[in-house]
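Architecture and fold: a report
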Amino acid sequence: KYCPGLGLVHKAFLKNDTFLCACHGQETNHVPVWCMRQAGRYLPEFREFRAGKDFFETCRSPAACCELTLQPLRRFPFDAAIIFSDILVIPQAMGMDVQMVAGKGPTFPEPLKEPEDLLLLQPKVDVNKELGYVFKAITLTRHKLDGKVPLIGFTGAPWTLMAYMIEGGGSTTHSKAKRWLYRHPEASHKLLKMLTDVIVEYLLGQVAAGAQALQVFESHAGCLGPVEFQEFSLPYLRDIARKVKDQLKESGQDVPMIVFAKDGHYGLEDLSQSHYEVVGLDWTIDPRSARERTGGKVSLQGNMDPCALYAPKERISEIVKKMLEGFGTRGYIANLGHGLYPDMDPENVGAFVEAVHTHSRHLNLK
Ligand SMILES: O=C(O)CCc1c2[nH]c(c1CC(=O)O)Cc1[nH]c(c(CC(=O)O)c1CCC(=O)O)Cc1[nH]c(c(CC(=O)O)c1CCC(=O)O)Cc1[nH]c(c(CCC(=O)O)c1CC(=O)O)C2
């Protein structure tokens, strides 16, 4: 039985456990599907709800996060929900000011410039105090979901968060953050380690609050080369999974973890041997080669080009069919290769979900 606050998770309690089964490589009647950024601006009801409210204020309201998480599930038969929040709540918890500026995106008025600035960060973060609002949102959403589908919690990965903290916002080159890697490798490792410690506690808190799976977003893997990835990203991704899993094992819990290193195709083999059950893929990887390169060691998630949702519905259906044939229907979770864009037509998102369900059922009957 599910105990609020304790987060004891029983699969039997779920009405639809296809997502969790697929994470563990078990057979399912249909391939489960969800979309990154499914709770987002492409939905008119999201835009209406968010209108006039500050983004991070919204993130700090458990009731608002719960409502936004549930919105897409009222429209589409997604097989999982992902808690509405943002990866940048961690730099905030470490003492940095982060604002969401309309038309510009996340902005840090005082980004980290030099290694001395690390002294300005909170050395020890009490996640219950600083991020308890996310935990409350998760518990409330678990209750409201009432076992309809599992709830995914998430975090940004250390390198991606470090990049934001130094760049002060989005960037095309990430040259300020990469400058640290080449010029201040020790300070870089210090920051990555600080972030890892907070992330581990944050993910454990999400599970205690009721999250039934966890996704780690290394969204800026692509601006690292294979050598830098090996040194500054992969060890921390591995550390996170190992530490979270070790802790959960002690309390007899088993929560699947997904690693999504966008544009990190060079790291695919390593990512499939990093203690994650699932590796998320962007659309630059061919499904069959991803299967070969990961050797059946993990389940895979992804990877339709989000822009394929601009195609007519019949074309979306064809693309989905090819994708399913490439990945196969077992140990596979359908998703996009990255998040939905604000100008996407909700009807086409519905067509994507339906195509995954219909084609995968047919393929399973063959
Ligand atoms: O476009 C903008 O103005 C700022 C968008 C932005 C945000 N965080 C950010 C970015 C940078 C970026 O995505 O490139 C920064 C951000 N947030 C996130 C990521 C990870 C990623 O997408 O690769 C990133 C990094 C993306 C990158 O830099 O490549 C994660 C995120 N944001 C969010 C969610 C939650 C959710 O979708 O349920 C999630 C995670 C789960 C998921 O993918 O579903 C929600 C979010 N954050 C944000 C927004 C838009 C602002 C609003 O509603 O007023 C929204 C809603 C939406 O996408 O429509 C703000």
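Residues numbered from 1 in each chain as written. Predicted model: local features only at pLDDT ≥ 70, side-chain atom pairs only at ≥ 80, totals over all residues. Heavy atoms only, no water.

**Here we look at the sheet that holds strand E6 (residues 257–261)**
What the seven strands build is an open sheet, ordered E1-E4-E5-E6-E7-E8-E9; its pairing is parallel. Two strands lie at the open edges of the sheet, namely strand E1 (81–82) and strand E9 (332–336), each paired on one side alone. Bridging between strand E5 (residues 213–218) and E6 involves five bridges; their strand directions are parallel. Each residue of the ladder has a partner; that of Glu218, found in E6, is Ala261. Contacts from helix H11 (residues 234–250) reach E5 and E6 within the one sheet, and its direction differs from that of E6 by about 170°. (Pairing = 2+ DSSP bridges. Helix = DSSP H or I, 4+ residues; strand = E, 2+ residues; numbered from the N terminus. Contact = heavy atoms within 4.5 Å. Axes fitted to C-alpha atoms, helices over the stretch in contact; angles between N-to-C directions.)

**Details of the packing of helix H4 (residues 62–75) against helix H6 (residues 127–145)**
Where H4 contacts H6, the axes come no closer than 8 Å and their chain directions differ by 45°. Considering their axes alone, H4 and H6 lie oblique with respect to each other. When the axes of H4 and H6 are compared, the crossing they make is right-handed. Residues Pro62, Ala63, Cys65, Cys66, Thr69, Leu70 and Leu73 of H4 pack against Tyr133, Lys136, Ala137, Leu140, Thr141, Lys144 and Leu145 of H6. When its residues are assigned to classes, the contact of H4 with H6 shows ten nonpolar, two polar and two charged. (Parallel < 35°, antiparallel > 145°, perpendicular 65-115°, else oblique. Left-handed = near helix turned anticlockwise from the far one by under 90°. Nonpolar A, V, L, I, M, F, W, Y, C, P; charged D, E, K, R; others polar.)

**Structural notes on the side chain of Thr141**
The residue Thr141 is located in helix H6 in this model. When neighbours within four sequence positions are excluded, Thr141 is seen to be in contact with Cys66, Thr69, Leu70, Ile83 and Leu151.

**Topic: the environment of Lys136**
With respect to the secondary-structure elements, Lys136 resides in helix H6. As for Lys136 and Gln26, which are separated by 110 residues in sequence, their C-alpha atoms are 31 Å apart.

**Re the packing of helix H14 (residues 313–327) against helix H15 (residues 346–365)**
Between H14 and H15, whose axes approach to 9 Å, the crossing angle comes to 40°. As far as their axial angle goes, H15 and H14 are oblique. The two elements H14 and H15 meet at a crossing, and its hand is right-handed. Along the contact surface, H14 presents Lys313, Ile316, Ser317, Val320, Lys321, Met323, Leu324 and Glu325, while H15 presents Glu347, Asn348, Ala351, Phe352, Ala355, Val356, His359, Ser360 and Leu363.

**A short note on H14**
The terminal C-alpha atoms of H14, which comprises 15 residues, lie 21 Å apart, in line with the 21 Å expected from a rise of 1.5 Å per residue. Summarising the contacts, the buried residues of H14 are in contact with helix H13 (287–294), strand E8 (299–304), E9 and H15. One or two positions beyond H14, positive phi appears at Gly328, with a value near 80°. (Expected span 1.5 Å × (residues − 1).)

**What to know about the site of the ligand**
Close to the ligand lie 23 residues; Arg37, Arg50, Tyr164, Ser219 and His338 are nearest. Ser219 places a polar side-chain atom, nitrogen or oxygen, 2.5 Å from an oxygen atom of the ligand. One of the side-chain nitrogen or oxygen atoms of His220 is found 2.7 Å away from an oxygen atom of the ligand. Burial of the ligand by the protein chains amounts to 85% of its free accessible area of 970 Å². Only helix H2 (44–50) and strand E3 (105–107) provide two or more residues apiece to the shell around the ligand. Taken together, the residues of the shell around the ligand break down into 13 nonpolar, six polar and four charged. (Near = heavy atom within 4 Å. Polar contact = N/O pair within 3.5 Å; in protein donor to acceptor, adjacent residues only side chain to side chain. Areas by Shrake-Rupley, 256 points an atom, 1.4 Å probe, with all protein chains shown as cover.)

Purely spatial values, then, with no claim about function.
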